[in-house]
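In case you want the letters, here they are:
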Amino acid sequence: MSEIFSPAFVPATKQGPVASEGAATRTILIGIAVAFLALFLVLPLFAVFIQAFSKGLGAFLDAFREPDAWSAIRLTLTVAAIAVPFNVVFGLAASWAIAKFEFRGKSLLITLIDLPFSVSPVVSGLIYVLLFGSQGLFGSWLINHGIQILFALPGIVLATVFVTFPFVARELIPLMQEQGTAEEEAALTLGASGLHAFRTVTLPNIRWGLLYSVLLCNARAMGEFGAVSVVSGHIRGLTNTIPLHVEILYNEYNFVAAFAVASLLAVLALITLVLKSVLEWRFAGELAGGRSH
Amino acid sequence: MLHDLSLDVRAGELIGLLGPSGSGKTTLLRIIAGLDAPDRGRILFGDDDATGLAVQERAVGFVFQHYALFKHMSVADNIAYGLNARRRADRPAKAEIKRRVGDLLDLIRLSGFGDRYPSQLSGGQRQRVALARALAVEPRVLLLDEPFGALDAQVRKDLRRWLREIHDRTGQTTIFVTHDQDEALELSDRVAVLDRGRLEQVGTPDEVQENPASATVMKFLGDSVEVEAIAEGGRVLVRGRETPVAAPAGTIGPVKLYVRPWQLQLAEPEAAHLSGTVRSSYRTQGRQRIEVVDAEGRVLAVEDFDGVRYAAGHPVGLRINGGHVFG
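Reading guide: rules and limits
Residue numbering note: each chain is counted from 1, following its sequence as written. Whichever chain is written first is A, and whichever ligand is written first is 1; the rest continue in order. Confidence filtering applies because this is a predicted model: local features only for residues at pLDDT of at least 70, side-chain atom pairs given and counted only at 80 or more, and all residues used for totals across whole chains, interfaces and linings. Each side-chain value is worked out from all heavy atoms of the structure, with water and hydrogens disregarded. UniProt positions are given in the numbering used here, feature names are shortened, and annotations may be inferred rather than shown by experiment. In this description a helix means any DSSP run of H or I spanning at least four residues, a strand means any run of E spanning at least two, and both kinds are numbered starting from the N terminus. Residue exposure (1.4 Å probe, protein chains only): buried if accessible area is under 20% of the type maximum, exposed if over 50%, otherwise partly exposed. The domain boundaries here were taken from an automatic or database domain assignment. Throughout, a residue-residue contact means that at least one pair of heavy atoms, one from each residue, lies within 4.5 Å. We define buried area as the total accessible area lost by two parts upon association, computed with a 1.4 Å probe and summed across both. What counts as a salt bridge is simple: a side-chain nitrogen of Lys or Arg found within 4 Å of a carboxyl oxygen of Asp or Glu. Polar contact criterion, stated in full: a pair of N or O atoms within 3.5 Å, where within protein one must be able to donate a hydrogen and the other to accept it, and residues adjacent in sequence count only if both atoms are side-chain atoms. For this scheme, ten residues count as nonpolar: Ala, Val, Leu, Ile, Met, Phe, Trp, Tyr, Cys and Pro. Four count as charged, namely Asp, Glu, Lys and Arg, and the remainder, Gly too, count as polar. Only residues whose relative accessible area exceeds 30% and that take part in no salt bridge are eligible for patches, with like-charged residues grouped when within 9 Å of each other and nonpolar side chains (Val, Leu, Ile, Met, Phe, Trp, Tyr) grouped when within 5 Å. Computed with a 1.4 Å probe, the accessible areas rest on the Shrake-Rupley method; for each residue, only the protein chains presented here act as cover.

Moving on: the UniProt feature "domain: ABC transporter" (unreviewed entry) in chain B. Mapped onto this numbering, the UniProt entry gives "domain: ABC transporter" (unreviewed entry) at residues 1-221 of chain B. Taken end to end, residues 1-221 of chain B is 38% helix and 16% strand, and its first and last C-alpha atoms sit 22 Å apart.

Pasting the structure below:
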């Protein structure tokens, strides 16, 4: 017993904690990280705005006088306005089921929720072509009934929903698991209906986590390119979202307009980032895994 | 896991479900509340069958071990929750709710704390709020699941005395679950001892202590020593010497005798039933406690009041003044 406490076993303290590096190593590592971030993240962001304003404010604003630009913005907002609420409902239902109940196939459901993260967006789009395209599984049935899914709003919404659906569920599942069911049970014993308990107990407990995930879900929904590109058909003024519109302008060598419209997405990203940081800083304890800055 | 059992709780009674962890006491409580469903069997409140009723319709008050207060609501809103959750027609007027919350805050001695949040309260205060919240709906029965389990020793003691006071004042039928013998014996009108899903014994604290129904109850209610003995002619003999313990009717031959530390007394070897050497001797809460090791290496605890201190290694004899034999 006594040997354990003999001086020979006391860790040497003058060199600091064993896991810490020397000052030089630290400076180099931080330097590499900062340089990398500047080169690959900050610089391109600046480049977007520099390009957008390279011919002055007038040329920048011209990009938005274009009716096709407006229809792209409208379509993007419409898609996000459908896809995000849908995924909020789905995410709430899935995380509620997974966190509060035990059932067979639970781990399979969790795996399925992660699927969109592991599948290439192009494949996500192609799935819908295979299902709803004219050669697809339901293609002829849809044509016979005059229902247009591909190259129209429904297809774009479907692809966006698919790509963004892990965001809400992934945030809420650990959060709800951490909070357990005791508060809900307390509410039920006090006579609250299930819905009342959900509204007054569950929802307030997850509100910041939910807002956090909605922000990320929305940013992705508006910025999604690959999956949407496959199902959209690129019909100008009709099925082009903002990212697709940017691509078209760029391919036409209309750089100022391309970057001007792209700057919208960049601003969206910056706003999302700021709000996300505020949430992480202010409500760290109420987000999954107690994220902090 | 529960086996078939029947427990009759009387109106206005404070009954403790006592058992080691895994004995099924919490499961039983949750089944009574309607939070878990039994595979079979019935739950009756008075003459009403509550088996098919949803948890909301049972009108029980449930207090959880870890309080389960609503974090985002003030203390007053927590207490008022059950009243506010009622359908409009059954809901008391705002002023009435406020009055009732005020009364309950007085009852739990937290007047003036209504605007605070659970995170600003100590553990003991939180559990008092949880109790007030459960009482606010005027439940038919109050169910407490290890209510003091998460609190430190001093707060536990204060709170259990206080709970007994509240019970005496309100006459609220109360069932509480605990694994702490002292808590159950101090607090309850009657104790129900559970072990591995079986109801071992129900009785007043005196009954279960004086006449434990089984070795399990005996062992769970406190320290005891198991002694090899012989039942003969209605008496229990240890090493050929008669003890004051009566053998159960019809029992003859080798039996196990269970003896509490205070039923053992230091004695001269010629009058002793057991012998050994003193291992340690110390004073605890006014009693002298002596630990004796016998020839087989077993530790026998003796509680004696004579205050004589023995050095370790001193040979002693032990006399058995009481004990229990189970058929």
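As a further point, take the environment of Ser120 of chain A. Residues and elements named next belong to chain A. Its location among the elements puts Ser120 in the loop between helix H4 (106-118) and helix H5 (121-132). Look at Ser120 and you get partly exposed, because its relative accessible area is 36%. Between the alpha carbons of Ser120 and Gly226 there is a distance of 8.2 Å; along the sequence they are 106 residues apart.

Turning our attention to the domain arrangement of chain B. Domain boundaries assigned for chain B yield domain 1 (14-211) and domain 2 (223-325). A straight line from the C-alpha centre of domain 1 of chain B to that of domain 2 of chain B covers 41 Å.

This next bit is on the interface of chain A and chain B. Taken together, the contacts link 19 residues of chain A with 19 residues of chain B. In total, about 1,600 Å² of surface goes out of reach between chain A and chain B, with carbon and sulfur atoms giving 61% of it. Counting the surface chain A buries against chain B, the share from its top three residues, Glu183, Thr189 and Leu190 of chain A, is 41%. Put simply, chain A and chain B have two salt bridges between them. As a salt-bridge pair, Lys71 of chain B and Glu183 of chain A come within 2.6 Å of each other at their nearest N and O atoms. At the junction of chain A and chain B, the tally comes to five residue pairs in polar contact (both at pLDDT 80 or more). Of all the secondary-structure elements, those providing two or more residues to the side of chain A that touches chain B are helix H9 (182-189) and helix H10 (194-223) of chain A. It is H10 of chain A that contributes the most residues to the side of chain A that touches chain B, eight residues altogether. A class-by-class count of the residues in the side of chain A that touches chain B yields nine nonpolar, seven polar and three charged.

On the UniProt side, "domain: ABC transmembrane type-1" (unreviewed entry) is annotated at positions that read residues 73-276 of chain A here. Taken as a whole, residues 73-276 of chain A contains 79% helix and 0% strand, while its terminal C-alpha atoms sit 23 Å from one another.

Let's shift gears to a nonpolar patch on the surface. Residue and element names in this part refer to chain A. Together, Phe36, Leu37, Leu39, Phe40, Leu41, Val42, Leu43, Phe46 and Ile50 line one region of the surface with nonpolar side chains, adding up to about 930 Å² of accessible area. Examined against the element boundaries, Phe40 turns out to sit in helix H1 (residues 23-52). Residue classification places Phe40 among the partly exposed residues on the basis of a relative accessible area of 49%.

This brings us to the pattern of salt bridges. Side chains carrying opposite charge are able to pair once their charged atoms draw close together. All names here are of chain B. Scanning all chains against the criterion turns up 36 salt bridges over all chains. Close ionic contact of Glu96 with Arg100 constitutes a salt bridge, the shortest N to O distance being 3.6 Å. Residue Glu96 and its partner Arg100 are both found in helix H3 (residues 94-107); the two are separated by four residues, about one turn of the helix. Classification of Arg100 by relative accessible area gives buried; the value is 16%. Between Arg160 and Glu186 there is a salt bridge, with its nearest N and O atoms 3.0 Å apart. Highlighted residues: Arg160 in helix H5 (residues 153-170) and Glu186 in helix H6 (residues 181-187), separated in sequence by 26 residues. Exposure remark for Arg160: the relative accessible area of 6% places this residue in the buried category. In the salt-bridge network here, residues are joined through shared partners; they are Arg156, Arg160, Arg161, Asp180, Glu183 and Glu186.

All right, on to the domain arrangement of chain A then. Residues and elements named next belong to chain A. Considered domain by domain, chain A is made up of domain 1 (21-52) and domain 2 (57-290). Once you take the C-alpha centre of each, domain 1 and domain 2 turn out to be 30 Å apart. Across the boundary between the two partners, domain 1 contributes five residues, which contact 10 residues of domain 2. Between domain 1 and domain 2 the total buried area reaches about 620 Å² when both faces are included, carbon and sulfur atoms providing 84% of it. Joining domain 1 to domain 2, the criterion identifies zero salt bridges. On the surface where domain 1 and domain 2 come into contact, there are zero residue pairs in polar contact (both at pLDDT 80 or more). When the residues that make up the side of domain 1 that touches domain 2 are grouped by side-chain class, the tally is four nonpolar, one polar and no charged.

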